[in-house]
Amino acid sequence: MDVQIENSWKTALKEEFEKNYFAELTEFVRSEYRTHTCYPPGNEIFNAFNLCPLDKVKVVILGQDPYHGRGQAEGLCFSVKTGVALPPSLVNIFKEVKADIGTVPQVVKDAQGLAMYDGSLRRWAEQGVFLLNTCLSVREHEAFSHSRRGWETFTDAVIRKVSEERDHVVFMLWGGPARSKKKIIDTAKHLVLESVHPSPLSANRGGWFGNHHFSKCNEWLASHELTPIVW
């Protein structure tokens, strides 16, 4: 199957694209986009891959499925398009980044011209942060509507590929579904950082704020002579 995706990933995942489940998944997704409003836009489904080639991956952050509100999702987990209001989980991520290492996002203007933080994490992806959702598409206002149709099988294969082919990657696993992927990561050569999910429901119970994942990540990268991430 000819999947429109960045070349290093296209080569690495060639066998996956030829499997029956992926053909069935593709037909399902195409049908959903024809008959319903779905996110992200079709040409952004593989944004995480296109913005972060396999040979550039230094960090993996796992999300679940894309934001399902209009204009939010852009194919990167936890990220929203520039000028879009920050979802609560992203607010908490930025709070922890600031508390941990002092960095704040760039200030941009929303549609009304009001100042706000830029919620697009493209700047992270372009530095080698692979922002992968375990499910890459969703129907509008219906969370998990494209789950259990093959995406999870595909993204598990992606995680295994990163674990096998890359060295000294930092995997950030936030919340139960993400943490369940630890078993398919080679912890002998990669750093796995785990915590509760940054959503308010989980974060406010404790375990998110003060996890210091961003400084721990950069310390690990520097210790392996890799350029730290500008969070």
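See the structure printed just above.
Our subject in this report is the structure included herewith. (Residues numbered from 1 in each chain as written. Predicted model: local features only at pLDDT ≥ 70, side-chain atom pairs only at ≥ 80, totals over all residues. Heavy atoms only, no water.)

## Details of the overall build of the chain
- Along the backbone of the chain there are ten helices and eight strands.
- Against the 2.2 N^0.38 benchmark of 17 Å for 231 residues, the chain shows a C-alpha radius of gyration of 17 Å, consistent with a compact globule.
- Dimensions of the chain, computed from C-alpha atoms along their principal axes, come out at roughly 45 × 45 × 30 Å.
- Of all 231 residues assigned to the chain, the portion counted as buried reaches 53%.
- Taking all contacts inside the chain whose residues are at least 6 apart in sequence as the whole, residues at least 24 apart take part in 66%.
- Roughly 10900 Å² of accessible area belongs to the chain as shown, and the carbon and sulfur atoms make up 50% of that amount.
- Across the chain, 27 positive and 28 negative side-chain charges occur, with their mean positions spaced 3 Å apart. (Helix = DSSP H or I, 4+ residues; strand = E, 2+ residues; numbered from the N terminus. Rg over C-alpha atoms; globule rule 2.2 N^0.38 Å. Buried < 20%, exposed > 50% of the residue type's maximum accessible area, 1.4 Å probe, protein only. Contact = heavy atoms within 4.5 Å. Areas by Shrake-Rupley, 256 points an atom, 1.4 Å probe, with all protein chains shown as cover. Lys, Arg positive; Asp, Glu negative; His and termini not counted. Charge placed at Lys NZ, Arg CZ, Asp CG, Glu CD.)

## Section: the sheet that holds strand S5 (residues 129-133)
- One open sheet holds the four strands; their spatial order is S5-S2-S7-S8, and the pairing between them is parallel. Each edge of the open sheet is held by one strand with a lone partner, namely S5 and strand S8 (191-195). The mean inter-strand angle of the sheet, taken between neighbouring strand axes irrespective of direction, is 20 degrees.
- Here strand S7 (residues 170-174) runs beside S8; their pairing, made up of five bridges, is parallel. When the bridges of S8 are listed, leucine 173 appears paired with glutamate 194.
- Where helix H7 (residues 151-165) meets the sheet, it contacts strand S2 (59-63), S5 and S7, and its direction lies at approximately 155 degrees from that of S5. (Pairing = 2+ DSSP bridges. Axes fitted to C-alpha atoms, helices over the stretch in contact; angles between N-to-C directions.)

## Considering the nonpolar core
- Phe49, Ile61, Trp124, Phe130, Phe154 and Trp231 are the most contacted members of the largest nonpolar core, which totals 68 residues.
- If near-sequence neighbours (up to four positions away) are discounted, tryptophan 124 is found in contact with Ile61, Ile93, Phe94, Val97, Val129, Leu131, Phe214, Val230 and Trp231. (Core = buried A, V, L, I, M, F, W, Y, C linked by side-chain atoms within 4.5 Å.)

## Examining empty space enclosed by the protein
- Counted according to the given criterion, the structure contains one cavity of 30 Å³ or more.
- For the largest cavity, the calculated volume is near 30 Å³.
- Lining the largest cavity, in full, are Pro40, Ile45, Pro66, Gly75, Leu76, Asn133 and Leu136.
- Classifying every residue of the lining of the largest cavity by side-chain character gives five nonpolar, two polar and no charged. (1 Å grid on protein atoms, 1.4 Å probe; cavity = no way out; pocket = protein on both sides within 12 Å on 5 of 7 lines; lining within 4 Å. Points joined across faces, edges and corners; volume = space filled by probe spheres on them. Nonpolar A, V, L, I, M, F, W, Y, C, P; charged D, E, K, R; others polar.)

## Quick word on a nonpolar patch on the surface
- A contiguous nonpolar surface patch, about 250 Å² in accessible area, is contributed by Val104, Val107 and Tyr117.
- Note on placement: tyrosine 117 falls in strand S4 (residues 115-117).
- With a relative accessible area of 35%, tyrosine 117 lands in the partly exposed category. (Patch = residues over 30% accessible without salt bridge, like charges linked within 9 Å, V, L, I, M, F, W, Y side chains within 5 Å. Salt bridge = Lys/Arg side-chain N within 4 Å of Asp/Glu carboxyl O.)

## Examining the packing of helix H3 (residues 20-35) against H7
- Close contact between H3 and H7 brings their axes to 9 Å; oriented N to C, the two are set at 125 degrees. It follows from the interaxial angle that H3 and H7 lie oblique. The two elements H3 and H7 cross, and the hand of that crossing is left-handed. Across the interface between the two elements, Tyr21, Phe22, Leu25 and Val29 of H3 pack against Trp151, Thr153 and Phe154 of H7.
- Residues of the contact of H3 with H7, tallied by class, amount to six nonpolar, one polar and no charged. (Parallel < 35°, antiparallel > 145°, perpendicular 65-115°, else oblique. Left-handed = near helix turned anticlockwise from the far one by under 90°.)

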